[in-house]
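# Working through the structure, step by step
One-letter residues, chain by chain:
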Amino acid sequence: MLRILASALLLLLVCAISVDAQEEKPEAKRWLAGAYSFSDELGGFKIRAIGGTGTREDPIVIEEELVSASPVTMVIRTTKPIRPFDFSGKYANGFIHLKLIIWNGSEQAWIEVEFELQEILGQPSLFGDGLSFDQRRTDSKNIYSDSFADFSRDFEPYDRLLYRNGKVDPRRSASFGFLISDYTPKRQFYLVQDPRIPST
């Protein structure tokens, strides 16, 4: 009888701890702008503010803080029906002009910052999946930064955009602008952000 009571009490204690842990975990916020939502739910950084519609004239501007010099991943989802190449503003059309204002919350200066698009989390976005940093354009019209002088893009086997020849000191910010294009729009994809520090 005592053994049964002890088991029941142990089970109640485990359940109570589990419920408390679930209640203490903050709900991940989805920040809405244009036809998409943006989330820091995978950790390592915090979105602070957002605005804009995603057009060239009114890019989606996201202010965020990275707390270390390690890669972080933003989750991007559609919030409106998908209709490729429909620029009426009523649909997710596969084109998002982004401007990221990123605060360096680490204790180390960044000498490069790389962005990578992934259709499936943790897997490279291949050339043929339609998702890229505007791979059909060869000019730099949609790519800029206030802190880095140069950039390079890779389209195979990754979709990567590397900003170089610049620096972001701790407790300073840098802005990065680019166009994400997806010719076969997906309901969810990922943007990996990877600040680089000097090698020792």
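The next subject is the overall build of the protein chain. Check the secondary structure of the protein chain and you find one helix and 13 strands. Starting at the N terminus and walking to the C terminus, you meet the elements of the protein chain as α-β-β-β-β-β-β-β-β-β-β-β-β-β. Across the 200 residues in the protein chain, those meeting the buried criterion constitute 42%. Sequence separation of at least 24 residues holds for 68% of the intrachain contacts in the protein chain that already meet a minimum separation of 6. Roughly 11200 Å² of accessible area belongs to the protein chain as shown, and the carbon and sulfur atoms make up 55% of that amount.

Here we take up the pairing of strand S11 (residues 159–166). Pairing geometry for strand S7 (residues 112–118) and S11, over five bridges, is antiparallel. Pairing of Glu116 across the sheet is with Arg160, part of S11. Where strand S10 (residues 148–154) lies against S11, six bridges are found, and the strand directions are antiparallel. Note that in S11 the partner of Ser152 across the bridge is Leu162. The hairpin turn running from S10 into S11, its antiparallel successor, is four residues long.

With that settled, the discussion passes to the packing of aromatic side chains. For the coordinates displayed, the defined rule picks out 10 aromatic pairs. Centre to centre, the rings of Phe95 and Tyr183 are 5.5 Å apart; their planes meet at 90°, and the pair counts as edge-to-face. Of the two residues, Phe95 is situated in strand S6 (residues 95–104) and Tyr183 in the loop between strand S12 (173–182) and strand S13 (188–196); the sequence distance between them amounts to 88 residues. Measuring from ring centre to ring centre gives 5.3 Å for Phe133 and Phe178, while their planes differ by 90°; the resulting arrangement is edge-to-face. On the criterion of sequence distance, the pair formed by Phe133 in the loop between strand S8 (131–132) and strand S9 (144–145) and Phe178 in strand S12 is long-range, its members being 45 residues apart. Here the two residues Phe133 and Phe178 agree in accessibility, since each one is buried. Above the plane of the ring of Trp31 lies Lys29, whose end atom (NZ or CZ) is 3.9 Å from the centre. The ring of Tyr158 has Arg160 sitting right over it, with the charged end atom 3.6 Å from the ring centre.

With respect to the element layout, Pro59 can be found in the loop between strand S3 (45–51) and strand S4 (60–66). Between the C-alpha atom of Pro59 and that of Gly34, which follows or precedes it by 25 residues, the distance is 9.0 Å. Here Pro59 is in contact with Gly51, Gly52, Thr53, Gly54 and His97, once residues within four sequence places are set aside.

Right, let's talk about the pattern of salt bridges for a bit. For the coordinates displayed, the defined rule picks out 12 salt bridges. The partner of Glu107 in a salt bridge is Arg171, with the nearest N and O atoms 3.4 Å apart. A residue pair is termed long-range when its members are at least 10 positions apart, and Glu107 in the loop between S6 and S7 and Arg171 in the loop between S11 and S12 qualify at 64 residues. For the pair formed by Glu107 and Arg171, the shared burial category is exposed. With a shortest N-O distance of 3.9 Å, Lys186 and Asp182 are connected by a salt bridge. When its relative accessible area of 22% is taken as the criterion, Lys186 is described as partly exposed. Each of Glu112, Glu114, Glu116, Arg160, Asp194 and Arg196 takes part in salt bridges that share partners, so that together they form one network.

The next point concerns the confidence of the model for the protein chain. Atom-level detail of predicted coordinates should not be read off regions where pLDDT is low. Looking at the protein chain as a whole, the pLDDT averages 86, with 84% of positions reaching at least 70. Counting interchain partners and residues more than four positions distant, the pLDDT-below-50 stretch residues 8–25 has zero contacts.

Overall, antiparallel pairing links the seven strands, which are arranged S1-S2-S5-S13-S7-S11-S10 in an open sheet. The strands lining the two open edges of the sheet, one partner per strand, are strand S1 (30–33) and S10. Pairs of neighbouring strands in the sheet enclose a mean axial angle of 20°, with direction left out of account. As judged from the six bridges shared by strand S5 (residues 72–78) and S13, these two strands associate in the antiparallel manner.

What counts and how
- Residues numbered from 1 in each chain as written.
- Predicted model: local features only at pLDDT ≥ 70, side-chain atom pairs only at ≥ 80, totals over all residues.
- Heavy atoms only, no water.
- Helix = DSSP H or I, 4+ residues; strand = E, 2+ residues; numbered from the N terminus.
- Buried < 20%, exposed > 50% of the residue type's maximum accessible area, 1.4 Å probe, protein only.
- Contact = heavy atoms within 4.5 Å.
- Areas by Shrake-Rupley, 256 points an atom, 1.4 Å probe, with all protein chains shown as cover.
- Pairing = 2+ DSSP bridges.
- Phe/Tyr/Trp six-rings, centres within 6.5 Å; stacked < 30°, edge-to-face > 60°.
- Lys NZ or Arg CZ within 6 Å of the ring centre and 35° of its normal.
- Salt bridge = Lys/Arg side-chain N within 4 Å of Asp/Glu carboxyl O.
- pLDDT = per-residue confidence, 0-100.
- Axes fitted to C-alpha atoms, helices over the stretch in contact; angles between N-to-C directions.

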